[in-house]
Amino acid sequence: MVDRQHPDRCLEVARELRAAAEETRRTIQASRDLVRRSREQTAAGPASRECDGDAPSNQLVTSLIEAYEAAEIDADERTRQLLGQVLHHVGRRVAAAMGPRAAGIAVH
């Protein structure tokens with residue numbers, strides 16, 4: 001009986017190792033896919049990731065500008081920097097939606 005248990009246990013361990021190897025293979029493939037997509041997004045540039053083509057509302061833009069100005073008046077540097085980054089992002093959305101001609105910018 002002892003001799004029979006040893007091969008059964010070896011077979012069970014082999015199955016567990018095979019399952020672990022397959023799970024590892026799937027994890028590595030998923031990681032490679034993430035790296036590939038990240039490189040593709042980086043190569044495409046920040047405008048393609050940040051801009052969805054829809055212009056933000058005038059109310060949003062006006063509110064952000066007012067908040068930025070209020071942060072400057074209060075001398076709140078961290079908030080001003082954060083709002084500056086948000087305004088930059090929103091400005092990219094506006095530019096993507098309008099284009100230079102609609103914004104009155106001459107492009108040669």
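Residues numbered from 1 in each chain as written. Predicted model: local features only at pLDDT ≥ 70, side-chain atom pairs only at ≥ 80, totals over all residues. Heavy atoms only, no water.

A look at the overall build of the protein
Move 1: Scanning the protein for helices and strands turns up four helices and zero strands.
Move 2: Burial status across the protein gives 8% buried among its 108 residues.
Move 3: Considering only residue pairs separated by 6 or more positions, the protein has 53% of its internal contacts joining residues 24 or more positions apart.
Move 4: Entry remark: accessible area of the protein is about 9,000 Å², with carbon and sulfur atoms responsible for 55%. (Helix = DSSP H or I, 4+ residues; strand = E, 2+ residues; numbered from the N terminus. Buried < 20%, exposed > 50% of the residue type's maximum accessible area, 1.4 Å probe, protein only. Contact = heavy atoms within 4.5 Å. Areas by Shrake-Rupley, 256 points an atom, 1.4 Å probe, with all protein chains shown as cover.)

Some details on the confidence of the model for the protein
Low pLDDT marks stretches whose predicted atomic positions should not be read closely.
Move 1: Per-residue confidence for the protein gives a mean pLDDT of 78, with 79% of residues at or over 70.
Move 2: Mean pLDDT across the elements of the protein ranges from a minimum in helix H2 (residues 46-50), with 48, to a maximum in helix H3 (residues 58-73), with 86.
Move 3: In this model residues 48-52 is a low-confidence stretch, pLDDT under 50, and it forms nine contacts with partners more than four residues away in sequence or in other chains. (pLDDT = per-residue confidence, 0-100.)

Remarks on the environment of Val94
Move 1: One can find Val94 in helix H4 (residues 77-102).
Move 2: Using a relative accessible area of 24% as the deciding quantity, one classes Val94 as partly exposed.
Move 3: C-alpha of Val94 to C-alpha of Pro56: the two residues are 38 residues apart in sequence and 6.6 Å apart in space.

Focus on the pattern of salt bridges
Move 1: With the rule as written, the count across this model stands at five salt bridges.
Move 2: Its salt-bridge partner being Glu22, residue Arg25 comes within 2.6 Å of it at the nearest N-O pair. Separated by three residues within a single helix, Arg25 and Glu22 lie in helix H1 (residues 2-44), roughly one turn from each other.
Move 3: In this structure, the salt-bridge partner of Glu23 is Arg26, at a minimum N-O distance of 2.6 Å. Of this pair, Glu23 and Arg26 both sit in helix H1, three residues apart, which is roughly one turn of that helix. (Salt bridge = Lys/Arg side-chain N within 4 Å of Asp/Glu carboxyl O.)

Quick notes on the environment of Gly91
Move 1: Along the chain, the position of Gly91 falls in helix H4.
Move 2: You can call Gly91 partly exposed: its relative accessible area is 33%.
Move 3: C-alpha of Gly91 to C-alpha of Ala55: the two residues are 36 residues apart in sequence and 9.0 Å apart in space.

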